[in-house]
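Take a look at the letters that make up each chain.
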Amino acid sequence: MKAFYIPAGLLALILAFSLWTGHYVRQRTNHWIALLEHTDTAAMEENWSEAEARLRTVYDDWDSSQRFFHTIMNHSDLDEAESLFAGARAVCSQKDDADFHLMLAQLKEQMHLLAETQSVSIKNIL
Amino acid sequence: MTTAFFRTVILYFILMVGLRLMGKRQIGELEPSELVLTLIISDLAAVPMQDFGIPLVNGLFPIITLLCLSMLLSFFSLKSIRFRGLVCGHPTVIVREGKVLQQNMARNRFTVDELFEQLRCQGYSDLSAVKYAILETSGQVSILAYTKDSPVTPQTLNYDVQDDVTLPVLLINDGHVLSRNLEGSGYDQNWLDKQLKSRRLTSPRQVFLMTVDEAGAVVCVAKEEAA
């Protein structure tokens, strides 16, 4: 029965890891989206120092997950988010409300996209 | 990554079904499942190798998934005859007593040209000399001739011949002594040294190949620089 249990166990392990990865990425991106919304709120209240501090916190948290994220996701998707972070930081330092709001909206959309690429859905599979 | 997992499973079975539907003549010497495995794994391995933007696990996980699926198919094929028939197909008789079974040929998309090519390859020029031709699951054709057209053997002539077929065991392979084979054949290092000495060799490193059969006959080929 070893001939059955080893491959079946490995398949189950791969499936479980894949599902866990999808769940983990969704959890992490939701967390960053929530933090970005707080950052957006601070910017709308013209509290730029608070917005900058919150954006830095989100970026540091994001940066700490990059090693694992790069081992499971397409690097181009992550690089896109990285460049959006850089753009948001630059706009935040210029205190441009409209551009900053737009940049954060794009960043949140990119986070949704990252989670979407790892989720189990018929759309993705087909 | 789950997407990659499910995509791999789906692609594997689609290719498997496709190859089974194509018939045996497309397969050659590989079983359908082996061919599918070879086709996909070679491509899967190449993509992450070439595109550094794709994580390695995205290539590794599908490959491991495929290997596991293949092992599971082998397991179920071993346990169930019906499953084995589903995965590997069944041998098909395409010539019976010199008569071509056209329906069986068509079902396997096996052409007359291919049949005659196989007949010629196996030394048959005349279809009437063939009692059975069987298209095996591997895509090869086995040909069974009528007894009158079969090669003569000592048994058919009622000759009593001594059986002198023995299995040679490799003792030295390119200068390396295979100790397990040496002991398994009932010999030891002293015997080996004597054999070398009798051939004016001082070390097993000078030997390219040495075998001994069940009757004790030794074949020794020295390396060219030592010869």
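Computed from a predicted model, the values in this text were never measured in an experiment.

## Some words on the overall build of chain A
Here's step 1: Each helix and strand in chain A was counted, giving six helices and zero strands.
Here's step 2: When the helices and strands of chain A are placed in sequence order, the string is α-α-α-α-α-α.
Here's step 3: In chain A, the proportion of contacts linking residues at least 24 apart, taken out of those at least 6 apart, comes to 63%.

## Some remarks on the sheet that holds strand E7 (residues 207–212) of chain B
Picture the strands of a sheet paired through backbone hydrogen bonds; they go either parallel or antiparallel.
Here's step 1: Spatially, the four strands line up as an open sheet ordered E6-E5-E7-E8 (chain B), and their pairing is antiparallel. Both outer strands of the open sheet, strand E6 (176–177) and strand E8 (218–222) of chain B, are each paired with one neighbouring strand and no more.

## Considerations on the environment of B:Ile143
Residue and element names in this part refer to chain B.
Here's step 1: With respect to the helices, strands and loops of the structure, Ile143 is situated in strand E4 (residues 141–145).
Here's step 2: Residue Ile143 is classed as partly exposed on the basis of its 17 C-beta neighbours within 10 Å.
Here's step 3: Apart from the residues lying within four places of it in its own chain, the contact partners of Ile143 are Leu119, Gln122, Tyr124, Val130 and Ala133.

## Observations concerning the nonpolar core
Here's step 1: Membership of the largest hydrophobic core comes to 28 residues, with the highest contact counts inside it found for A:Ala88, A:Phe100 and A:Leu107.
Here's step 2: Mapped onto this core, the elements with two or more residues apiece are helix H1 (2–44), helix H2 (48–64), helix H3 (66–72), helix H4 (75–94) and helix H5 (97–118) of chain A together with helix H1 (2–22) of chain B.
Here's step 3: Of all the elements, H5(A) adds the most residues to this core, at seven residues.
Here's step 4: One finds B:Ile94, B:Met105, B:Leu135 and B:Val141 within the second-largest nonpolar core, a separate group that totals nine residues.

## Looking at the pairing of E4(B)
Residue and element names in this part refer to chain B.
Here's step 1: Taken together, the five bridges between strand E3 (residues 130–135) and E4 define a ladder with antiparallel strand orientation. Within E4, the position partnered with Leu135 by the bridge is Val141.
Here's step 2: The hairpin turn running from E3 into E4, its antiparallel successor, is five residues long, and Gly139 in that turn takes a positive phi close to 95 degrees.

## With respect to the confidence of the model for chain B
Here's step 1: Averaged over every residue, the pLDDT of chain B is 85; the share at 70 or more is 92%.
Here's step 2: Here the predicted complex carries an ipTM of 0.72, next to a pTM of 0.66.

## Here we look at the pairing of E3(B)
Here's step 1: In the sheet, strand E1 (residues 92–96) of chain B pairs with E3(B) via four bridges, with the strands oriented antiparallel. The partner of B:Thr92 across the bridge, within E3(B), is B:Leu135.

## Things to note about the interface of chain A and chain B
Here's step 1: Taken together, the contact between chain A and chain B spans 23 residues of the former and 17 residues of the latter.
Here's step 2: Every element with two or more residues in the side of chain A that touches chain B is listed here: H1, H3, H4 and helix H6 (122–125) of chain A.
Here's step 3: Examining the composition of the side of chain A that touches chain B, we find that 12 residues originate from one element, H1(A), more than from any other.
Here's step 4: By residue class, the composition of the side of chain A that touches chain B is 13 nonpolar, 10 polar and no charged.

## A look at unusual backbone geometry
Here's step 1: Even without being a glycine, B:Glu97 presents a positive backbone phi close to 50 degrees.
Here's step 2: You can see B:Glu97 is positioned in the loop between E1 and strand E2 (99–100).

## Observations regarding the packing of H4(A) against H5(A)
All names here are of chain A.
Here's step 1: Contact geometry for H4 and H5: axes closest at 9 Å, N-to-C directions at 160 degrees. Our classification of the angle between H4 and H5 gives roughly antiparallel. The chirality of how H4 crosses H5 is left-handed. Contacts between H4 and H5 involve Asp77, Glu80, Ala81, Leu84, Phe85, Gly87, Ala88, Val91 and Cys92 from the former and Asp99, Phe100, Met103, Leu104, Gln106, Leu107, Gln110, Met111, Leu113, Leu114 and Thr117 from the latter.
Here's step 2: A class-by-class count of the residues in the contact of H4 with H5 yields 13 nonpolar, four polar and three charged.

## With respect to the sheet that holds E2(B)
Here's step 1: Spatially, the four strands line up as an open sheet ordered E2-E1-E3-E4 (chain B), and their pairing is antiparallel. Because the sheet does not close on itself, it has two edges, and the strands there are E2 and E4 of chain B.

## Examining the packing of H1(A) against H5(A)
All names here are of chain A.
Here's step 1: Where H1 contacts H5, the two axes come as close as 8 Å, and the packing angle between them is 170 degrees. Our classification of the angle between H1 and H5 gives roughly antiparallel. Where H1 approaches H5, its residues Thr21, Gly22, Val25, Arg26, Thr29, Trp32, Ile33, Leu36, Thr39, Asp40 and Ala43 are matched on the opposing element by Asp97, Phe100, His101, Leu104, Leu107, Lys108, Met111, His112, Leu114, Ala115 and Gln118.
Here's step 2: Tallied by class, residues from the contact of H1 with H5 come to 11 nonpolar, seven polar and four charged.

Scoring rules and cut-offs
- All residue numbers refer to positions counted from 1 along the written sequence of the respective chain.
- Working convention: letters from A go to chains and numbers from 1 go to ligands, in the order in which they are written.
- Reporting of local features is limited, given that this is a predicted model, to residues whose pLDDT is at least 70; pairs of side-chain atoms are given and counted only at 80 or more, and all residues count toward the totals for whole chains, interfaces and linings.
- The helix and strand labels rest on DSSP assignments: H or I over at least four residues marks a helix, E over at least two residues marks a strand, and numbering proceeds from the N terminus.
- For every residue pair, C-beta atoms are placed from the backbone, and the pair is scored as a contact if these atoms sit within 7 Å.
- Strands pair, by our definition, only if DSSP identifies at least two bridges between them.
- A residue is called partly exposed when the number of other C-beta atoms within 10 Å of its own lies between 12 and 20, exposed at 12 or fewer, and buried at 20 or more, with C-beta atoms placed from the backbone.
- Working definition: the nonpolar core is a set of buried Ala, Val, Leu, Ile, Met, Phe, Trp, Tyr and Cys residues, joined through C-beta atoms within 7 Å.
- For every residue, the predictor reports its confidence as pLDDT, a number between 0 and 100.
- Three categories are distinguished: nonpolar for Ala, Val, Leu, Ile, Met, Phe, Trp, Tyr, Cys and Pro, charged for Asp, Glu, Lys and Arg, and polar for the others, with Gly belonging to the last.
- Every axis in this analysis is a line fitted to C-alpha atoms, fitted for helices over the stretch in contact. Angles between the N-to-C directions lie between 0 and 180 degrees.
- Working rule for angles: under 35 degrees goes down as roughly parallel, over 145 as roughly antiparallel, 65 to 115 as roughly perpendicular, anything else as oblique.
- In a left-handed crossing the near helix is turned counterclockwise from the far helix by less than a right angle, and in a right-handed crossing that turn is clockwise.

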